[in-house]
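Structure at a glance
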Amino acid sequence: MTRLEEMGALAKQAARKLAVAGSQKDKALEAIADALIAHTQEILAANGEDLDAARANGMSQSLLDRLALNEKRIQGMAQGVRQVAAQPDPVGQVLEGSLRPNGLRIEKVSVPLGVVGMIYEARPNVTADAAALCLKAGNAVILRGGKEAFRSNRAIAQVMRQAVESAGLPADSIQLVEDTSRASSVEMMGLTGYLDVLIPRGGAGLIRTVVENSRVPVIETGVGNCHVYVDDAADTDMAVNIIFNAKTSRPSVCNAIETVLVHKDAAQRVLPAVKAKLDEKQVEIRGCERTCHILSGCTPATEEDWSTEYLDYILAVKVVDSLDEAMDHIARYSSGHSECIVTENYAHAERFLNEVDSAAVYVNASTRFTDGGEFGLGAEVGISTQKLHARGPMGVRQLTSQKFIIRGSGQIR
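So, here is what we can say about the structure in this document.

Definitions and limits used
Residues numbered from 1 in each chain as written. Predicted model: local features only at pLDDT ≥ 70, side-chain atom pairs only at ≥ 80, totals over all residues. Heavy atoms only, no water. Helix = DSSP H or I, 4+ residues; strand = E, 2+ residues; numbered from the N terminus. Rg over C-alpha atoms; globule rule 2.2 N^0.38 Å. Buried < 20%, exposed > 50% of the residue type's maximum accessible area, 1.4 Å probe, protein only. Contact = heavy atoms within 4.5 Å. Areas by Shrake-Rupley, 256 points an atom, 1.4 Å probe, with all protein chains shown as cover. Lys, Arg positive; Asp, Glu negative; His and termini not counted. Charge placed at Lys NZ, Arg CZ, Asp CG, Glu CD. Salt bridge = Lys/Arg side-chain N within 4 Å of Asp/Glu carboxyl O. Pairing = 2+ DSSP bridges. Axes fitted to C-alpha atoms, helices over the stretch in contact; angles between N-to-C directions. 1 Å grid on protein atoms, 1.4 Å probe; cavity = no way out; pocket = protein on both sides within 12 Å on 5 of 7 lines; lining within 4 Å. Points joined across faces, edges and corners; volume = space filled by probe spheres on them. Nonpolar A, V, L, I, M, F, W, Y, C, P; charged D, E, K, R; others polar. Polar contact = N/O pair within 3.5 Å; in protein donor to acceptor, adjacent residues only side chain to side chain. Phe/Tyr/Trp six-rings, centres within 6.5 Å; stacked < 30°, edge-to-face > 60°. Lys NZ or Arg CZ within 6 Å of the ring centre and 35° of its normal.

On to the overall build of the protein chain. Helix and strand counts for the protein chain come out as 14 helices and 16 strands. Taken over C-alpha atoms, the radius of gyration comes to 23 Å for the protein chain, in line with the 22 Å a tight globule of 413 residues would show. Projected onto the principal axes, the alpha-carbon positions of the protein chain cover approximately 75 × 65 × 35 Å. Taking all 413 residues of the protein chain together, 54% fall into the buried category. Intrachain contacts of the protein chain at a sequence separation of at least 6 include 73% that bridge at least 24 residues. For the protein chain, the accessible surface area stands at approximately 18100 Å², while carbon and sulfur atoms represent 47% of it. Positive and negative side-chain charges of the protein chain, numbering 44 and 52 respectively, have mean locations separated by a distance of 7 Å.

Quick look at the pattern of salt bridges now. Considering all chains together, one arrives at 26 salt bridges under this definition. Linking Arg-82 and Glu-30 is a salt bridge whose minimum nitrogen-to-oxygen distance equals 2.8 Å. A residue pair is termed long-range when its members are at least 10 positions apart, and Arg-82 in helix α5 (residues 71–86) and Glu-30 in helix α2 (residues 24–38) qualify at 52 residues. Using a relative accessible area of 26% as the deciding quantity, one classes Arg-82 as partly exposed. With a closest N to O distance of 3.0 Å, Arg-286 and Asp-305 form a salt bridge. With Arg-286 in strand β9 (residues 284–287) and Asp-305 in the loop between β10 (299–300) and β11 (314–320), this pair connects stretches of sequence that are 19 residues apart. Taking relative accessible area as the criterion, Arg-286 reaches 21% and is therefore assigned partly exposed. A residue is classified by how much of its surface remains accessible, and Asp-305, at 5% relative accessible area, is buried. Look at the salt bridges and you will find they share partners, linking Glu-30, Asp-34 and Arg-82 into a network.

Of note, Ser-152 is situated in helix α7 (residues 150–166). Among the residues examined, Ser-152 registers a relative accessible area of 0% and is labelled buried. Counting along the chain gives 103 residues from Ser-152 to Glu-49, while the straight-line C-alpha distance between them is 8.3 Å.

An order of β1-β2-β16 is seen for the 3 strands of this open sheet, with the pairing classed as antiparallel. Whereas interior strands pair on both sides, the edge strands pair on one side only; in this sheet they are β1 (94–99) and β16 (400–407). For this sheet, the mean angle separating the axes of adjacent strands, direction not counted, is 20°. Taken together, the 8 bridges between strand β2 (residues 105–112) and β16 define a ladder with antiparallel strand orientation. For Ser-110, the partnering residue across the bridge sits in β16 and is Gln-402.

In this structure, the largest pocket occupies an estimated 750 Å³ of space. Along the wall of the largest pocket there are 28 residues; nearest its centre are Arg-123, Asn-125, Asp-129, Arg-250 and Asp-371. If you list the elements that add at least two residues to the lining of the largest pocket, you get α5 and α6 (125–136). It is α5 that provides the largest number of residues to the lining of the largest pocket, a total of 7 residues. Its residues assigned to classes, the lining of the largest pocket comprises 7 nonpolar, 10 polar and 11 charged.

For Thr-248, the location among the structural elements is in helix α10 (residues 236–248). At 2.6 Å, the side chain of Thr-248 and the backbone oxygen of Phe-244 are in polar contact. Setting aside its immediate chain neighbours within four residues, Thr-248 contacts Leu-278, Lys-281, Val-283 and Tyr-313.

Most of strand β7 (residues 226–230) is tucked away, with 5 of its 5 residues classed as buried. Residue alternation in β7 divides its side chains into two sets, Cys-226, Val-228 and Val-230 and His-227 and Tyr-229, and both sets are buried. Sheet analysis places β7 next to strand β8 (residues 257–263), joined by 5 bridges and oriented parallel. Across the sheet, the residue bridging to His-227 is Thr-259, located in β8. Pairing geometry for β7 and strand β12 (residues 338–342), over 4 bridges, is parallel. Its bridge partner lying in β12, Tyr-229 is registered against Ile-341.

This next bit is on the packing of aromatic side chains. To describe a pair of aromatic rings, you give the distance between the ring centres and the angle between the ring planes. Evaluation of the coordinates by the stated rule reveals 0 aromatic pairs. When the ring centre of Phe-244 is taken as reference, the NZ or CZ atom of Lys-277 above it lies at 4.8 Å. Here Lys-318 stacks its cationic end above the ring of Trp-306, 5.7 Å away from the centre of that ring.

Looking now at the sheet that holds β9. Here we have 7 strands laid out as an open sheet, ordered β10-β9-β11-β8-β7-β12-β13, and parallel in their pairing. Here the strands that pair on one side only, and so sit at the sheet edges, are β10 and β13 (360–363). Sheet topology note: the β8/β11 ladder contains 5 bridges and is parallel. Its bridge partner being in β11, Val-260 is matched across the sheet by Val-317. The strands touched by helix α11 (residues 264–278) are β7, β8, β9 and β11; relative to β8, the strand with the most contacts, the crossing angle is about 145°. Here helix α14 (residues 346–355) sits on the sheet in contact with β7, β12 and β13, set at roughly 175° to β13.

See the structure below:
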């Protein structure tokens, strides 16, 4: 038996106890939140080592931001855990029920998924978020983070394991794979006897590899080629503020925008104002021919730019002739994550909401709100961009399955 198989066996044992743990799960989550605060300096020391190694390896500034922790971010992690604890228990909810003519009472009830595997990159806060959500939903979790954040992830996982055990639940409810080689990812993708579901969270390459190669059922998350469409009826100041926030507040995350589409009748008034604001952050604009004609200093866009998730201070911009052209562009190039229309035209807004097929669709608001915390979920294990089982931010309810419970009095068929 390999080390990962051993971890899987321990996780399955832990999952059986978590499935019936009830309010004890909340005690464990509160203990985790307290422990994260109490061990802040140890976590920051480990994170500092990761950051030093990442700088030495030439990691970009935007990816360093994804990796970095500070006291405020750890406090945010702890607060997210408390918010998860405060939510109703998603396990044991009666979803449907009926009394059959033969006297059978049938109920559909929510139950844990079982053992969740996660393969993710860079951001160490995912370690705390994923563990908390899985625990609340009664699942054991096996976490496999990237090598860039290994020291941070290990420190966080150790703190959480101790806290869970102090609350009377198995420490092996939360496990971290310490082998960050490609081999461990490949083995997890084939761990069908132990993992009930595998969730990849990271860049397009990671997600594509897991989706194409896993024999464990996969919930696809993450890639965010997000758009803002500025309608001809858009307020200029609103458009500028939304674009600036959605691109620059944290460009390294999946809910940051990568492309702006501007109606031809708004382009002359909107684009110069957008560029002036983006210049504050030295954002590189890669524009279509009409964009480059309006704005000086643009890089001509290529076909590849329309489908690229930059995760950096780069923005593709295209002038379009109509709302229909904007929606056609989104349908062709979007990853199905988050899209926004900026408009004062109610009919255009409703068409955009109804016809754009992404996990989150906005009118007059930044795509940066596509987040479990902002949606009231406490945290999320990722943003699902698929349509089976779960879509959008995945909180505790999305980490459950269902089973039928049938009560009889001797009926036979």
